[in-house]
Amino acid sequence: MADTIADTRRLFSKPQNLNDAYGPPSNFLEIDVSNPETIGVGRTRYTTYEVRLKTNLPIFKLKESSVRRRYSDFEWLRAELERESKVVVPPLPGKALFRQLPFRGDDGIFDDSFIEERRQALEQFLNKVAGHPLAQNERCLHMFLQDESLDKNYTPSKIRQA
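Because the structure is a prediction, the values reported are computed rather than measured. In this numbering scheme, every chain counts its residues from 1 along its sequence in written order. Reporting in this predicted model follows two pLDDT cut-offs: at least 70 for local features of residues, and 80 or more for side-chain atom pairs to be given and counted; totals over whole chains, interfaces and linings ignore these cut-offs and use all residues. To get the side-chain values, all heavy atoms of the structure are used, and hydrogens and water are removed first.

Colleague: How would you sum up the side chain of Thr48? Please name residues and give values.
Modeller: Numbering of helices and strands runs from the N terminus; a helix is a DSSP stretch of H or I covering at least four residues, while a strand is a stretch of E covering at least two. On the secondary structure map, Thr48 appears in strand β2 (residues 46–55). With relative accessibility at 8%, the residue Thr48 sits in the buried group. Pairs of N or O atoms are called polar contacts if they sit within 3.5 Å, as long as, within protein, a hydrogen donor faces a hydrogen acceptor (for residues adjacent in sequence, only side-chain-to-side-chain pairs). There is a polar contact of 2.9 Å between the side chain of Thr48 and the side chain of Arg68. Should any heavy atoms of two residues lie within 4.5 Å, those residues are counted as being in contact. Setting aside its immediate chain neighbours within four residues, Thr48 contacts Asn35, Pro36, Glu37, Ile39, Arg68, Arg69 and Arg70. Buried, partly exposed and exposed residues are distinguished by accessible area as a fraction of the type maximum, computed with a 1.4 Å probe on protein chains only: under 20%, between the cut-offs, and over 50%, respectively.

Colleague: I'd like a description of the confidence of the model for the protein, backed by residues and values.
Modeller: Detailed reading of the predicted model is not advised wherever pLDDT is low. Averaged over all residues, the pLDDT of the protein equals 82, while 80% of them reach at least 70. Every residue carries a pLDDT, the predictor's confidence in it, which falls somewhere between 0 and 100. When the elements of the protein are averaged for pLDDT, helix α1 (residues 18–22) gives the smallest value, 72, and strand β3 (residues 64–70) the largest, 96.

Colleague: Which residues make up the sheet that holds β3, and what values go with them?
Modeller: As a general point, the strands of a sheet are linked pairwise by backbone hydrogen bonds and lie either parallel or antiparallel. When DSSP finds two or more bridges between two strands, those strands count as paired. Strand order in the open sheet formed by 3 strands is β1-β2-β3, and the pairing between neighbours is antiparallel. If you trace the sheet from one side to the other, it starts and ends with β1 (29–39) and β3, each paired once. If you compare each strand with its neighbour and ignore which way they point, the axes differ by 20 degrees on average. In this sheet, β2 lies alongside β1 in antiparallel orientation, the contact comprising 9 bridges. Within β2, the residue paired with Val33 across the bridge is Val51. Along the sheet, helix α2 (residues 71–84) makes contact with β1, β2 and β3, crossing β3 at roughly 105 degrees. Inter-axis angles, ranging from 0 to 180 degrees, are taken between N-to-C directions of lines fitted to C-alpha atoms, where helices are fitted over the stretch in contact. Strands in contact with helix α4 (residues 139–146) are β1, β2 and β3; relative to β3, the strand with the most contacts, it is inclined by about 90 degrees.

Colleague: How would you sum up the pairing of β2? Please name residues and give values.
Modeller: In terms of residue burial, β2 counts as a mostly covered element, since 7 of its 10 residues are buried. Between β1 and the antiparallel strand that follows it, β2, lie 6 residues; Gly40 among them carries a positive phi value of about 85 degrees. Both β2 and β3 contribute to a ladder of 7 bridges, which runs antiparallel. Each bridged residue has a counterpart across the sheet, and for Leu53 the counterpart in β3 is Ser65.

Following this line, the structure appears as structure tokens:
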């Protein structure tokens, strides 16, 4: 019976210094969707969002970028990822068709509370997608996050790590 006592000694670990504890993480990917701006009037009115990326992952050519995207650009990204990758792509926040009906008493899809709800949902969507290792190899994701304008006629391909 004395032979079956579990070994409870601690594992030896390297002591942590201040740089380890408070320095930048070894790999990080931060994506913020912020600063919504409504552009245009009447039927040509739409909202854009600033998409900011900060990362040290070697697969991204830029370590910091900021681009403006509208909801239809997010729809394009989702469709491209579903078509080209093996990733299960999470849903986008809905189109809010009811909010687009006339004679509502509020600003519909241009109401501040709706824009904020959608902003949060779009940020959550992007972080889920971009956090997936297979999605990080897709050219459409890199274009969406880092190119000023989207070339929707691009040739789908994988990004190779340098």
